[in-house]
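A structural walkthrough
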Amino acid sequence: MMTFLNYLLSGISLGSIYAIIALGYTMVYGIAKMLNFAHGDVIMVGAYICFFAVSRYSLPPLLGVIAAMAVCTVLGVIVERLAYKPLRSAPSLAVLITAIGVSYFLQNGAQLLWTPNPKVFSSVVGTNRLALFGGQLTVSYVTLVTIASCVVIMVALTWFTGKTKTGKAMRACSEDKGAAQLMGINVNSTISVTFAIGSGLAAIAGVLLCSAYPTLVPTTGAMPGIKAFTAAVFGGIGSIPGAMLGGILLGVIEIFSKAYISTQLSDAVVFAVLIIVLLVKPAGLLGKQVREKV
Amino acid sequence: MKTKKMTLNRNARKNYLTYGLVIAAYAILQTMSTTGAISSSLKGMLVPICAYVVMAISLNLTVGVLGELSLGHAGFMSVGAFTGVTAAMSLQTAVPSPVLRLLIGMITGAVFAAIAGVLIGIPVLRLKGDYLAIVTLAFGEIIKSIINNLYVGVDEHGLQISILTNKLALSDNGKIIINGPMGITTIEKLSTFTAGFLLVMVTLFIVFNLVNSRSGRAIMAIRDNRIAAESVGVNIVKYRLMAFVTSAALAGASGTLFAMNYSTIIANKFDFNTSILVLVFVVLGGLGNMLGSIIAAAALTILPEALRQFADYRMLIYAIVLILVMLVTNNPTLKGYLDIAKQKLVRKKPAAQAAEGGGDNGK
């Protein structure tokens, strides 16, 4: 029973990281209708910034996280301005390839700047473990912090998109860009804000990811990026609660299949579950089923 | 009637041009490589270029002609590579001729990839757009992790297969072919540039004939408007599956060609990045444009090698080139400048302009 709880907790924790990354994917998709493949690499940049802030400039971990968020936010906005904005009216495949180009750029840039040698990331919340039920169940603080930050982010984002002016503008843009523009919403700056928020969240995800799995290389972000993308589709791409649900479910399924089925085949199990879900619900768990009009 | 004949001619002309250019490129490169005029590094890339060209053409069938984004095309290449090499290696004593063995390998690879294509296509093609793309990605990853845990050996009793752990009970004369994550380590290098060239020609022949047939027109009708096509009685499932499976089979043959050019091959070689690489060829070459795919595949396979003088910066430059090309060809403003530049260039050469005008009339 305790092992089960332990697996469940680490599953939720991994899932929370996926969920935070998936939020970035899903928000950008909802507004710009593009699959931002470079998102996974923003995670990696965030982790590196935090690593250097803490280990080289010996800043306190919290400041390291803030620095990572600041750099990633700026990076996200710059990338959007330079690479994606000129292609606003281009076919979606062209934007997809550009995003892949940006992803290559970030990975290889990181390789040049920070060398491909793996860095050992020291966890921002320490490696202590919390003992529960008289020591039967030990939970690392990283797990708890990850789950807590995921909840905080979720609540904050729900409030932001529901109550604030910018948030409402974002929802309006994702529904109908043309109509939003006619209502006096600045579509371009709204898209920039979306990229800024998504990239800032990616920085947090990067720090949390590397706190739990401490090896940091320039391709660190690639696989979690793909998994989070899968999670976003799983929950219904474009839907914020869907991304959270998809992320957490994906993390739990991954850890459980590692624990109970097979370590090597866990990726296969995760993707098989995704396929089955999409066959039953073709628009994801919480996605909107769009009626086709003739 | 007359106009119809004209359009057919234009299509056919473009196809013959493609065949001709491929044959010319083969003739030139083959002569250069026998006389030693090209560097050994380029010579080593000739077979991979052929394999990538076939991959690009076959993916163009899915993305350009069928109109569905596939992010798992390398999965079919992987199926083809591992089954094809297994077939070629287990027939080592039965079939002495290496050419015949390579051929058998490629056909086996194509058949198994086609079977995978049917199995994957039936569920995948029920979905649309980005959801379809993510499921192809998922299948690519599933194929990768299954082959990473697959153990295949051969002895006088035939093939033995086990999954997850090496449970093969081979006799003394037996040998292991696929060794889990280590992949295949003792491949005979059977692939030659000529074999690659022939595969490219066969691929072009199959794809051009499919596209210019009744089925091809049905496939393109589905791409352009699924509902309209369905309402005039086009069997959506059949034609979509036909394009998808053809594309998978060609990718399988290309996988065998690719794998038999190296002495070892691992499943991780055919991952998401390879699928993306091939997709980049297709988009850069132009959707539905086979000649474009060939040129893009060849150019982008050579580009990192050509940028070798920039050493560490080469992949960075590759990325920048990729982004810039996409921006220039797709941004309305930049595209406008490009068109103006083109016009100016043409105006400077009245003769060229006249020739182009004549060409337009001919069309």
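What counts as what
- Residues numbered from 1 in each chain as written.
- Chains lettered and ligands numbered in written order.
- Predicted model: local features only at pLDDT ≥ 70, side-chain atom pairs only at ≥ 80, totals over all residues.
- Heavy atoms only, no water.
- Buried < 20%, exposed > 50% of the residue type's maximum accessible area, 1.4 Å probe, protein only.
- Helix = DSSP H or I, 4+ residues; strand = E, 2+ residues; numbered from the N terminus.
- Pairing = 2+ DSSP bridges.
- Contact = heavy atoms within 4.5 Å.
- Salt bridge = Lys/Arg side-chain N within 4 Å of Asp/Glu carboxyl O.

So, the pairing of strand 1 (residues 150-155) of chain B
Residues and elements named next belong to chain B. The buried fraction of strand 1 amounts to six of the six residues, a majority that puts the element mostly inside the structure. Side chains Leu-150, Val-152 and Val-154 project from strand 1 onto one buried face, and the interleaved Tyr-151, Gly-153 and Asp-155 project onto a second face that is buried too. Here strand 1 runs beside strand 2 (residues 158-163); their pairing, made up of six bridges, is antiparallel. Bridging across to strand 2, Val-152 finds its partner in Ile-161. In sequence, strand 1 turns back onto strand 2 through a hairpin of two residues. Pairing geometry for strand 1 and strand 3 (residues 175-179), over four bridges, is antiparallel. Bridge assignment links Gly-153 to a residue of strand 3, and that residue is Ile-176.

Details of the side chain of B:Glu141
Structurally, B:Glu141 is set in helix 5 (residues 129-147). If near-sequence neighbours (up to four positions away) are discounted, B:Glu141 is found in contact with A:Met223, A:Phe271 and B:Phe272.

With respect to the pattern of salt bridges
All names here are of chain A. Within the structure shown, the criterion is met by eight salt bridges over all chains. Between Arg-88 and Glu-80 there is a salt bridge; the shortest N-O distance is 2.3 Å. Given a relative accessible area of 32%, Arg-88 falls into the partly exposed group. Between Asp-267 and Lys-227 there is a salt bridge, with its nearest N and O atoms 3.2 Å apart. Within this pair, whereas Asp-267 is found in helix 11 (residues 266-280), its partner Lys-227 is found in helix 9 (residues 222-235), the two being separated by 40 residues in sequence.

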